[in-house]
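Descriptive structure summary
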Amino acid sequence: MNNTELEIRLPDNAEQIDQDSEYCSVRLDGVWQEIRFHDYARIFTIPGLYEQLFHDILDCRSPDVVGKLLKEQVQRDQVAESSLRALDLGAGNGLVGEQLRAVGVGHLAGIDILPQARDAALRDRPEVYDAYHVLDMTALSEQESRTLAAAGFDTLSCVAALGYADIPPAAFRTAFNFVRDGGWITFTIKDRFLSADDTSGFAELIGRCQKEGLLEVRASERYRHRLNVRGEPLYYVAFVGTKHGDIPAELVP
Ligand SMILES: C[S@@+](CC[C@H](N)C(=O)[O-])C[C@H]1O[C@@H](n2cnc3c(N)ncnc32)[C@H](O)[C@@H]1O
């Protein structure tokens, strides 16, 4: 990717802004425009904005952390990386896919709910995904289910996409269930969504999956996902685990 540098400003009144309402201003065709961080549809249509904002300015580390953790565990089991068939849920414009390719994953499919994410991935990283599906994991058509089942996934990644208004527990369950037993599950999630006062449903879902023996956590790491608009750290937890069984619907809160 070779984009010209964009002019990006973080807000001056940052002390009043929660992660869910963060925004920046970007100068486009000479006009400053406010863009919410969670308006991914808009962000992906502006080449280079996602990378410059989240990675260059706010120092996002999630794709690197997940790539490193997954590689360590796969090597520990002496599995050939090239044999892996991965599903990247909430794939965005492909930064995690790029890391999975660096790990050596042989087959890689991306899924996102936004057509703008797919367009950006194909525009910026056309070599990364073997297939990229725009779909809603909570409302799959029969054809979409057949396509995903036929892909024979043994790895699921989901990075910086769980909780808030993004991927809900039911969609995570559906994606998890497309991975074969014995396969790899890797994801990151904000630390608060794992705490006792979580309202996203993920603390309960992940806890139940571990308790029922459906997910064996092999490695986890609390790390700085990125900085917020005030320059303070936002902490997430990265997991790599082994799947031992499908998640039944009743386990989803
Ligand atoms: C913060 S971005 C992360 C993108 C990529 N995983 C990364 O780390 O660079 C979150 C992504 O999740 C996607 N997303 C949100 N809700 C989704 C859903 N219900 N199903 C699939 N993707 C979703 C968004 O469109 C966006 O591309």
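Everything below is about the structure printed above this text.
Let me begin by describing the structure that accompanies this report.

The subject of this paragraph is the nonpolar core. If you look at the biggest cluster of nonpolar residues, it comprises 48 residues, and the most contacted ones within it are Leu 49, Leu 53 and Phe 54. For this core, the secondary-structure elements that each account for two or more residues are β2 (23-28), α1 (40-45), α2 (49-57), α3 (62-76), α4 (95-103), α5 (115-124), β9 (215-227) and β10 (233-243). Take this core: its biggest share by element is five residues, from α3. Residues contacting Leu 53, with those up to four places away along its chain left out, are Ile 8, Leu 10, Cys 24, Phe 37 and Leu 58.

Tyr 40, Tyr 50, Gly 90, Asp 112 and Val 159 are the nearest of the 16 residues found near the ligand. Take Gly 90: an N or O atom from its main chain is 2.8 Å from a nitrogen atom of the ligand. In the model, an oxygen atom of the ligand is placed 2.6 Å from a nitrogen or oxygen of the Asp 112 side chain. Contact with the protein chains removes 95% of the 590 Å² of surface that the ligand exposes when unbound.

Attention now moves to the pattern of salt bridges. Applying the stated criterion across every chain yields a total of 18 salt bridges. Ionic pairing is found between Asp 59 and Arg 61, a salt bridge with its closest N-O pair at 3.9 Å. Asp 59 gets classed as partly exposed once you look at its relative accessible area, which sits at 31%. In this structure, the salt-bridge partner of Asp 124 is Arg 123, at a minimum N-O distance of 2.8 Å. Arg 123 sits in the partly exposed class, given a relative accessible area of 38%. One continuous salt-bridge network, built from bridges that share partners, spans Glu 51, Glu 98 and Arg 125.

Moving on: the side chain of Asn 177. Topologically, Asn 177 is positioned in the loop between α7 (169-176) and β8 (179-190). Here the side chain of Asn 177 touches Ile 247 through a polar contact of 2.8 Å, landing on its backbone nitrogen.

Our next topic: unusual backbone geometry. Negative phi characterises most residues that are not glycine, and trans characterises most peptide bonds. Even without being glycine, Ala 160 reaches a positive phi, approximately 55 degrees. Assignment of secondary structure puts Ala 160 in the loop between β7 (153-158) and α7. With phi around 50 degrees, Tyr 164 is a residue other than glycine that occupies positive phi space. Looking at the element boundaries, Tyr 164 is found in the loop between β7 and α7.

With that out of the way, let us pick up helix α8 (residues 202-211). Side chains of residues three or four places apart in an α-helix project in the same direction, reflecting 3.6 residues per turn. Among the residues of α8, Phe 202, Leu 205, Ile 206 and Cys 209 are the ones counted as buried. Buried residues along α8 cover an arc of 90 degrees about the axis, so they all sit on one side. Next to the buried residues of α8 lie α7, β8 and β9.

Cut-offs used in this document
Residues numbered from 1 in each chain as written. Predicted model: local features only at pLDDT ≥ 70, side-chain atom pairs only at ≥ 80, totals over all residues. Heavy atoms only, no water. Core = buried A, V, L, I, M, F, W, Y, C linked by side-chain atoms within 4.5 Å. Buried < 20%, exposed > 50% of the residue type's maximum accessible area, 1.4 Å probe, protein only. Helix = DSSP H or I, 4+ residues; strand = E, 2+ residues; numbered from the N terminus. Contact = heavy atoms within 4.5 Å. Near = heavy atom within 4 Å. Polar contact = N/O pair within 3.5 Å; in protein donor to acceptor, adjacent residues only side chain to side chain. Areas by Shrake-Rupley, 256 points an atom, 1.4 Å probe, with all protein chains shown as cover. Salt bridge = Lys/Arg side-chain N within 4 Å of Asp/Glu carboxyl O. Arc of directions from axis to C-beta.

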